Amino acid sequence: MRLVHWLLAILIGFSWWSVRNHHTDWHIWSGCAILTLLVFRLLWGLVGSSTARFSNFVRGPRAIGDYFRGRWSGAGHNPLGAMSVVAILAALAVQVGLGLISQDEDGLYAGPLYRLVGTDASDSARDIHELWFNAILGLIALHVAAILFYRIRGRHLTKPMVTGRAVLDPGTQPMRRGKWWVALICLAVSIGITRWIIAGAPPF
Amino acid sequence: MRFASITVPALCVSLVACGGSGASQANNSQANISDAARTGTAAQPATVQNASAPVDLRAVMHERHEGMETIGKSNKAIKREFDGGSPDLATIRGSAAKIADLSQKASLWFPAGTGPELGKTGAKPDIWQNPQDFAAKLHNFQVAAKAFSAATGGNDVNAIKSKFADLGGTCKACHDKYRSEMHH
C-alpha cells in the first residue's frame with residue numbers, strides 16, 4: 001500500500017516531466033502504470049488490509065463531524081482524510097480515462113483507447129486532460145498542506161507512510177494485514193486489465 | 001481625468017477592431033496571399049508600405065496556422081486508418097497528397113517577423129535565430145512528405161507505414177525544438 005502511494009507520487013511527477021519534455025511515448029507508458037496502480041488500489045480497497053478497505057474508512061458526514069469534535073480514534077485514514085483519498089483516486093481515474101482516449105496535436109501519439117471515440121473527441125479529451133491536471137495539483141497541494149498542518153500540531157503522518165509503523169491511541173484496533181497472496185492476485189488482475197486496455201480493449 | 005480614462009480604452013478598442021477587420025480581410029483572400037500582397041504593395045505608395053506590411057504578415061501567420069492544422073488533421077486521419085487494422089488506402093493516399101502539397105507551401109510560412117512578437121503563435125523566436133537548422137528540418141519534412149505520398153501510390157502497407165513513421169519523425173524533430181506550447 002505504501003509502495004503504491006509512493007509509486008503514484010513518482011509516476012505523477014514523471015508523467016508531468018515526460019510530457020513537458022517531448023517524451024510523449026514515456027508519458028503514455030507512465031499513464032498505463034498509473035492505471036495499473038489505480039486498479040490495484042481499487043481491488044485492495046475491497047479485499048485488502050483493514051485500513052485500506054473503503055468500507056472501513058469511507059464514512060458519512062456524521063463521522064466527519066464526530067472527528068472534528070475529537071470523537072474519533074482508529075488506525076488509518078480518519079473520516080476527513082478519507083474524503084481526500086477518494087477525491088485523489090477519483091481525480092486520477094478521470095485523468096487516466098481522458099488520457100486513454102486522447103490523441104496528440106500532431107497525430108503522432110494517442111492513448112490506447114483513442115479509436116473508441118472520434119478524432120474531435122480525442123482532441124477535446126487532450127485539452128481537458130491538460131486542464132484536469134490542475135485539479136490534481138490542487139488536491140496534491142491540499143494533501144501536502146494537511147500533512148504539514150498535522151505536523152505543526154505534533155502528528156507525524158509521513159513517518160508511518162514510510163516505515164509502516166504508527167503509534168496508535170490506546171484501545172485502538174490495530175491494522176489487520178492483508179494476505180500476500182490476495183495482493184498477488186490483485187496485482188495480476190490489475191496488470192491483466194491494463195494489458196487488455198493497452199491492446200485497445202478488444203472486442204470493442 | 002475621468003474623461004481621459006474613458007477615451008483611452010475606447011481608443012484601444014477601436015484600434016483592436018481595426019486590426020481585427022484588417023486581419024479578417026486578409027484571411028478571406030488567404031487563398032491568394034502572394035497576389036494580394038503584390039497588388040497591395042503596388043497600389044500603395046511607398047510611405048504606407050509599413051502600414052500594410054503587418055496585415056500581410058498576419059495573413060501569412062494565419063495561413064501557416066490553418067495549414068499546420070490541416071497537416072495535423074490529415075496525419076491523425078492516416079494514423080486512425082493504420083491503427084484500425086484494415087487501412088483504407090484511398091483515404092491515406094488523399095491525406096498524404098494533402099500533406100505533401102502543404103509541405104511545399106510551408107517554405108513560405110515562416111518569413112521574419114511572424115514570431116510571437118506579431119501575435120499568438122506556437123512559432124518560437126529560435127526559428128529565426130537558427131535559420132539554417134530550421135531550413136534543414138523543414139527540408140527534411142518536405143522530402144519525407146513527398147516520399148510518403150509517393151509510397152501511398154503502391155499497395156505495400158508496410159512500406160507506406162514505414163514512410164509514415166519517417167514523416168512523423170520529421171514533424172517531431174522540428175516541433176520539439178521550434179514550437180512552444182500554444183493553447184487554442
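Residues numbered from 1 in each chain as written. Chains lettered and ligands numbered in written order. Predicted model: local features only at pLDDT ≥ 70, side-chain atom pairs only at ≥ 80, totals over all residues. Heavy atoms only, no water.

(A) The arrangement of the overall build of chain A in detail. Along the backbone of chain A there are 8 helices and 0 strands. The order of helices and strands in chain A, counted from the N terminus, is α-α-α-α-α-α-α-α. When contacts within chain A are restricted to residue pairs at least 6 apart in sequence, long-range pairs at least 24 apart make up 61% of them. Looking at chain A as shown, the accessible area adds up to about 12,300 Å², and 67% of this sits on carbon and sulfur atoms. Seen as two clouds, the 19 positive and the 10 negative side-chain charges of chain A have centres 25 Å apart. (Helix = DSSP H or I, 4+ residues; strand = E, 2+ residues; numbered from the N terminus. Contact = heavy atoms within 4.5 Å. Areas by Shrake-Rupley, 256 points an atom, 1.4 Å probe, with all protein chains shown as cover. Lys, Arg positive; Asp, Glu negative; His and termini not counted. Charge placed at Lys NZ, Arg CZ, Asp CG, Glu CD.)

(B) Layout of the environment of Ser103 of chain B. All names here are of chain B. In this structure, Ser103 sits in helix H4 (residues 89–105). Residue Ser103 is classed as buried on the basis of its relative accessible area, which comes to 0%. Apart from residues no more than four positions distant in its own chain, Ser103 is found in contact with Phe141, Gln142 and Ala145. (Buried < 20%, exposed > 50% of the residue type's maximum accessible area, 1.4 Å probe, protein only.)

(C) Looking closely at the packing of aromatic side chains. Residue and element names in this part refer to chain A. Under the counting rule described, the total for this entry stands at 12 aromatic pairs over all chains. Considering the side-chain rings of Phe54 and Phe57, the 5.7 Å spacing of their centres and the 50° angle between planes classify their relative orientation as tilted. Of this pair, Phe54 and Phe57 are both found in helix H3 (residues 54–57), 3 residues apart, which corresponds to roughly one turn of the helix. For Phe54, a relative accessible area of 18% translates into the label buried. (Phe/Tyr/Trp six-rings, centres within 6.5 Å; stacked < 30°, edge-to-face > 60°.)

(D) Main features of the packing of helix H4 (residues 61–68) of chain A against helix H5 (residues 79–101) of chain A. Residue and element names in this part refer to chain A. Between H4 and H5, the shortest axis-to-axis distance is 7 Å and the interhelical angle comes to 130°. As judged from the angle between their axes, H4 and H5 are oblique. In this structure, H4 uses Ala63, Ile64, Tyr67 and Phe68 to contact H5, whose residues at the interface are Pro79, Leu80 and Met83. Tallied by class, the residues present in the contact of H4 with H5 amount to 7 nonpolar, no polar and no charged. (Axes fitted to C-alpha atoms, helices over the stretch in contact; angles between N-to-C directions. Parallel < 35°, antiparallel > 145°, perpendicular 65-115°, else oblique. Nonpolar A, V, L, I, M, F, W, Y, C, P; charged D, E, K, R; others polar.)

(E) Broad picture of the interface of chain B and chain A. Counting from both sides, the interface comprises 16 residues of chain B and, opposite them, 19 residues of chain A. When the buried surface of chain B facing chain A is broken down by residue, Lys76, Lys79 and Arg80 of chain B rank first, second and third, together holding 40% of it. One can count 4 salt bridges joining chain B with chain A. Where Arg179 of chain B meets Glu105 of chain A, a salt bridge forms, and the shortest distance between an N and an O atom there is 3.8 Å. The tally of links between chain B and chain A comes to 15 residue pairs in polar contact (both at pLDDT 80 or more). Those elements that place two or more of their residues in the side of chain B that touches chain A are helix H3 (49–83) and helix H7 (157–178) of chain B. Per-class residue counts for the side of chain B that touches chain A are 1 nonpolar, 7 polar and 8 charged. (Buried area = accessible area lost by both parts, 1.4 Å probe. Salt bridge = Lys/Arg side-chain N within 4 Å of Asp/Glu carboxyl O. Polar contact = N/O pair within 3.5 Å; in protein donor to acceptor, adjacent residues only side chain to side chain.)

(F) Quick look at helix H8 (residues 180–198) of chain A. Residues and elements named next belong to chain A. Spanning 19 residues, H8 covers 27 Å between terminal C-alpha atoms, matching the ideal 27 Å at 1.5 Å per step. Taken together, the buried positions of H8 are occupied by Val182, Ala183, Cys186, Ser190, Thr194 and Ile197. The arc enclosing the buried residues of H8, seen along the axis, measures out at 105°, which places them on a common side. Away from its buried face, by an angle of more than 90 degrees, H8 presents the exposed residues Trp180, Leu184 and Arg195. On its buried side, H8 packs onto helix H2 (24–47) and H5. Just beyond H8, the residue with positive phi is Gly200, at close to 90°. (Expected span 1.5 Å × (residues − 1). Arc of directions from axis to C-beta.)

(G) Main features of the nonpolar core. Residues Ile34, Leu38, Trp44, Leu92 and Val96 of chain A are the most contacted members of the largest nonpolar core, which totals 29 residues. Looking at this core, the elements with two or more residues in it are helix H1 (2–20), H2, H3, H5, helix H6 (119–152) and H8 of chain A. Discounting chain neighbours no more than four positions away, the residues touching Leu38 of chain A are Leu89, Leu92, Ala93 and Val96 of chain A. With 27 residues, the next largest nonpolar core counts Leu89, Ala96, Ile99 and Phe110 of chain B among its residues. (Core = buried A, V, L, I, M, F, W, Y, C linked by side-chain atoms within 4.5 Å.)

(H) Structural view of the pattern of salt bridges. Within this structure, the stated rule accounts for 14 salt bridges over all chains. Ionic pairing is found between Asp66 of chain A and Arg71 of chain A, a salt bridge with its closest N-O pair at 3.2 Å. Of the residues examined, Asp66 of chain A reaches a relative accessible area of 24% and is grouped as partly exposed. Note that Arg179 of chain B is salt-bridged to Asp106 of chain A, the shortest N-O span being 2.9 Å.

(I) Molecular detail of the confidence of the model for chain B. All names here are of chain B. In the predicted model, chain B carries a mean pLDDT of 78, and 68% of its residues have values of at least 70. With pLDDT under 50 throughout, residues 1–51 is counted as low confidence; its partners more than four residues away or in other chains account for 15 contacts. The ipTM, which scores confidence in the relative placement of chains, is 0.85 for this predicted complex, and the corresponding pTM is 0.82. (pLDDT = per-residue confidence, 0-100.)

(J) Local environment of the state of the cysteines. Taken as a whole and judged by the stated rule, the model has 0 disulfides over all chains. Cysteine Cys186 of chain A is unpaired, with the sulfur of Cys32 of chain A as its nearest cysteine sulfur at 20 Å. Considering cysteine sulfurs only, Cys174 of chain B is the nearest to Cys171 of chain B, which forms no disulfide, with 9.0 Å between them. Note on Cys171 of chain B: relative accessible area 9%, which makes it buried. (Disulfide = S-S within 2.5 Å.)

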